[in-house]
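Summary of the model geometry
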Amino acid sequence: MPNQKKITIAIDGFSSCGKSTLAKAIAHDLGYIFIDSGAMYRAITLYCYKNKLVDENSIDEEKIIASLKDISIHFEFNSTTSKLEVTLNGENIEKEIRNLTISNLVSKVAAIKEVRQKLVSEQQKIGENGGIVMDGRDIGSVVFPNAELKFFVTADTEVRAHRRFLELNDASISLKEVAKNLKERDFLDSTRKESPLIQTDDAIVIDNSELTQEEQLLLALKYYKDCIHYLAQFPKK
Ligand code: DC
């Protein structure tokens, strides 16, 4: 719709609950930018892993904090997939960051205050002009507390594990391992000291356990239209 005010849409929720799928689809429908904030945490984790600053048994927080100045994260447009893909110091790492090694380490790195400060400030810069859909764990609570529209997406743990398992499509990884990783990340993400995953009071909850992607999108777009209608009547100051 031309001349329509471009708002900020924050989508939070547990791991593999379909946040990114929803965020991508909304952004595509509205002509907004889609930013997967988890990819930024994964990118820093990949850097730390490659530089031996984190592994399964240890984490060197001091060195990670000192390294942050050497880490540059950007998004580049992939014209084949029409998606923004994450780069780490100029290298496209979109695929590498999705493997189970990084998935198993990312919550530890994402719990470091300085890591969060760096990424939150970059995320706020990317979204300063609105017209953005960003998904993550602290988008509605910390990154864009004034977002006009906030969703909190949930789904049953078993449904999430199964979806993630199919998405990974890796014969060397069992459904049990995927489920274990999800449960551990859920726990770490929602109990950490620094901006844990929370459902803000003003977020709309979407449980998509029994919804198709299309049904989920239609529901979210209905809320978007209501939001735009409301904003037209009661503009934000
Ligand atoms: O969305 P994801 O599963 O790709 O996110 C990877 C990890 O990054 C997740 O376990 C928690 C962390 N994360 C975070 O702490 N804050 C965000 N805004 C996004 C992700």
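So, a few notes on the structure that sits alongside this text. Predicted, not measured: the structure shown is a model, and the values here were computed from it.

**A closer look at the environment of Leu197**
- Turning to its location among the elements, Leu197 is positioned in the loop between α8 (175-191) and β8 (204-207).
- Given the relative accessible area of 6%, Leu197 is considered buried.
- Separated by 58 residues in the primary sequence, Leu197 and Ile139 place their C-alpha atoms 9.2 Å from one another.

**Thoughts on the site of the ligand**
- Inspection of the region around the ligand gives 16 residues, with Arg42, Arg116, Asp138, Arg185 and Arg192 positioned closest.
- Contact between the ligand and Arg116: an oxygen atom at 2.8 Å from a side-chain N or O atom of the residue.
- When isolated, the ligand has an accessible area of 440 Å², and the protein chains bury 96% of it.
- Of all the elements in the fold, those that place two or more residues in the shell around the ligand are α2 (37-50), α4 (100-110) and α8.

**Things to note about the pattern of salt bridges**
- Enumeration according to the criterion identifies 15 salt bridges in this entry.
- Arg160 is paired through a salt bridge with Asp186; the nearest N and O atoms lie 2.6 Å apart. Of this pair, Arg160 sits in helix α7 (residues 157-168) while Asp186 is found in helix α8, placing the two residues 26 residues apart along the sequence. As far as burial versus exposure is concerned, Arg160 and Asp186 are alike and both buried.
- When the shortest N-O distance is used, the salt bridge between Arg192 and Asp189 registers 3.7 Å.

**Observations concerning the packing of α7 against α8**
- Contact geometry of α7 with α8 gives a least axis separation of 9 Å together with a crossing angle of 120°. Accordingly, the angle class assigned to the pair α7 and α8 is oblique. Crossing hand, α7 versus α8: right-handed. Mapping the contact onto sequence places Thr157, Arg160, Ala161, His162, Arg164, Phe165 and Leu168 in α7 and Leu175, Val178, Ala179, Leu182, Lys183, Arg185 and Asp186 in α8.
- Across the contact of α7 with α8, the residue classes tally to seven nonpolar, two polar and five charged.

**Here we look at helix α5 (residues 113-126)**
- End to end, α5 covers 20 Å across 14 residues, agreeing with the expected 20 Å (1.5 Å per residue, within 8%).
- Within α5 the residues assigned to the buried category are Val115, Arg116, Lys118, Leu119, Val120, Glu122 and Gln123.
- Elements that come into contact with the buried residues of α5 comprise α2, α3 (61-67), β3 (73-78), α4, β6 (132-136) and α6 (139-143).

**Considerations on the packing of aromatic side chains**
- Considering all chains together, one arrives at three aromatic pairs under this definition.
- Centroid distance Phe14 to Phe152: 6.3 Å. Interplanar angle 80°. Geometry classified as edge-to-face. Residue Phe14 is found in the loop between β1 (8-13) and α1 (19-30), and its partner Phe152 is found in strand β7 (residues 149-154); the two are separated by 138 residues along the sequence.
- Here the guanidinium or amino end of Lys222 rests over the ring plane of Tyr223, the centre of that ring lying 5.1 Å away.

**A closer look at the packing of α1 against helix α9 (residues 213-233)**
- Two elements in contact, α1 and α9, have axes separated by 10 Å at closest approach and are oriented at 60°. Judged by the inter-axis angle, α1 sits oblique to α9. When the axes of α1 and α9 are compared, the crossing they make is right-handed. Packed against α1, whose contacting residues are Thr21, Leu22, Ala25, Ile26, Asp29 and Leu30, the element α9 presents Gln213, Gln216, Leu217, Ala220, Leu221 and Tyr224 at the interface.
- Counted by class, the contact of α1 with α9 contains eight nonpolar, three polar and one charged residues.

About the thresholds
Residues numbered from 1 in each chain as written. Predicted model: local features only at pLDDT ≥ 70, side-chain atom pairs only at ≥ 80, totals over all residues. Heavy atoms only, no water. Helix = DSSP H or I, 4+ residues; strand = E, 2+ residues; numbered from the N terminus. Buried < 20%, exposed > 50% of the residue type's maximum accessible area, 1.4 Å probe, protein only. Near = heavy atom within 4 Å. Polar contact = N/O pair within 3.5 Å; in protein donor to acceptor, adjacent residues only side chain to side chain. Areas by Shrake-Rupley, 256 points an atom, 1.4 Å probe, with all protein chains shown as cover. Salt bridge = Lys/Arg side-chain N within 4 Å of Asp/Glu carboxyl O. Axes fitted to C-alpha atoms, helices over the stretch in contact; angles between N-to-C directions. Parallel < 35°, antiparallel > 145°, perpendicular 65-115°, else oblique. Left-handed = near helix turned anticlockwise from the far one by under 90°. Contact = heavy atoms within 4.5 Å. Nonpolar A, V, L, I, M, F, W, Y, C, P; charged D, E, K, R; others polar. Expected span 1.5 Å × (residues − 1). Phe/Tyr/Trp six-rings, centres within 6.5 Å; stacked < 30°, edge-to-face > 60°. Lys NZ or Arg CZ within 6 Å of the ring centre and 35° of its normal.

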